[in-house]
Amino acid sequence: MDWDNDRAVERTAQLLDQEGVALFGARSDEDQLVGVVSVYVDILSVRFGRRASIEDLAVHPDWRSRGVGSNLLAAARTWAHEQGADYVFLESGLARTEAHRFYLREGATHAAAAFRWTGGPTR
């Protein structure tokens, strides 16, 4: 999906209006937004307990490998556990191998394969 700034602004406003959701940003010394992460306390699993999902973890390419992603991830995980989450989940596209290395360095484990359906059922 391509980036749509108007849609992003609208959805950010909707996100900030919800319970169980947090949005963290990282800014440069010049007050430029250089990274963002959103986290949602979303389901209670019979098997695993309360889940928090990290979404939209993004760091500007010029700011990668400077601790921005680690700090955003730590903030999201801390917030999730403060909200009662038993575990934190993050889904990442198959082609994002650099991001996967980052997540593994940050202590994540490959826990599952993710599958997605978009649109209505087809038969």
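Note that the structure is a prediction, hence the values are computed from the model and not measured.

Chemist: Give a detailed account of the pattern of salt bridges, specifying residues and quantitative values.
Modeler: Inspection of the entire model under this criterion finds four salt bridges. One salt bridge connects D31 with R27, and the closest N-O pair in it is separated by 3.7 Å. Between R51 and D42 there is a salt bridge, with its nearest N and O atoms 3.0 Å apart.

Chemist: Please set out helix α1 (residues 5-16) residue by residue, giving values where relevant.
Modeler: For α1, which comprises twelve residues, the first-to-last C-alpha distance of 17 Å matches the rise-based estimate of 16 Å (1.5 Å per residue) to within 8%. The backbone nitrogen of D6 lies 3.1 Å from a side-chain oxygen of the residue at the head of α1, namely D4.

Chemist: Describe the environment of A111, naming the residues involved and giving the relevant values.
Modeler: Along the polypeptide, A111 turns up in the segment after α3 (97-105). Spatially, the C-alpha atom of A111 lies 29 Å from that of T12, the residues being 99 residues apart in sequence.

Chemist: Describe in detail unusual backbone geometry, supporting the description with residues and values.
Modeler: With a phi angle near 55°, D56 is a residue other than glycine that sits in the positive phi range. Mapped onto the secondary structure, D56 falls in strand β3 (residues 49-59). Of note, the phi angle at S65 is positive, near 65°, even though the residue is not glycine. Here S65 shows up in the loop between β3 and α2 (68-82).

Chemist: Got a sec to walk through α2? Specific residues and values, please.
Modeler: Along its 15 residues, α2 runs 21 Å from first to last C-alpha, staying within 8% of the 21 Å computed at 1.5 Å per residue. Looking only at α2, the buried set comprises V68, G69, L72, L73, A76, W79 and A80. What you see down the axis of α2 is that its buried residues fit within an arc of 130°, all on one side. Facing away from the buried side of α2, by more than 90 degrees, are the exposed residues N71 and E82. Its buried side turned inward, α2 meets β1 (21-27), β2 (33-45), β3, β4 (87-90) and α3.

Chemist: Which residues make up the nonpolar core, and what values go with them?
Modeler: Counting residues in hydrophobic clusters, the biggest one holds 19 residues, and the most contacted among them are V37, V39, I54, L57, V68, L72 and A80. For this core, the elements supplying multiple residues, two or more each, are β1, β2, β3, α2 and α3.

Chemist: Residue-level account of the sheet that holds β3, with values.
Modeler: Spatially, β1-β2-β3-β4 is the arrangement adopted by the four strands of the open sheet, whose pairing is mixed. If you trace the sheet from one side to the other, it starts and ends with β1 and β4, each paired once. For this sheet, the mean inter-axis angle between neighbouring strands, taken without regard to orientation, is 25°. Of the strand pairs in this sheet, β2 and β3 are connected by nine bridges, and their pairing is antiparallel. Pairing of G35 across the sheet is with V59, part of β3.

Calculation rules
Residues numbered from 1 in each chain as written. Predicted model: local features only at pLDDT ≥ 70, side-chain atom pairs only at ≥ 80, totals over all residues. Heavy atoms only, no water. Salt bridge = Lys/Arg side-chain N within 4 Å of Asp/Glu carboxyl O. Helix = DSSP H or I, 4+ residues; strand = E, 2+ residues; numbered from the N terminus. Expected span 1.5 Å × (residues − 1). Polar contact = N/O pair within 3.5 Å; in protein donor to acceptor, adjacent residues only side chain to side chain. Buried < 20%, exposed > 50% of the residue type's maximum accessible area, 1.4 Å probe, protein only. Arc of directions from axis to C-beta. Contact = heavy atoms within 4.5 Å. Core = buried A, V, L, I, M, F, W, Y, C linked by side-chain atoms within 4.5 Å. Pairing = 2+ DSSP bridges. Axes fitted to C-alpha atoms, helices over the stretch in contact; angles between N-to-C directions.

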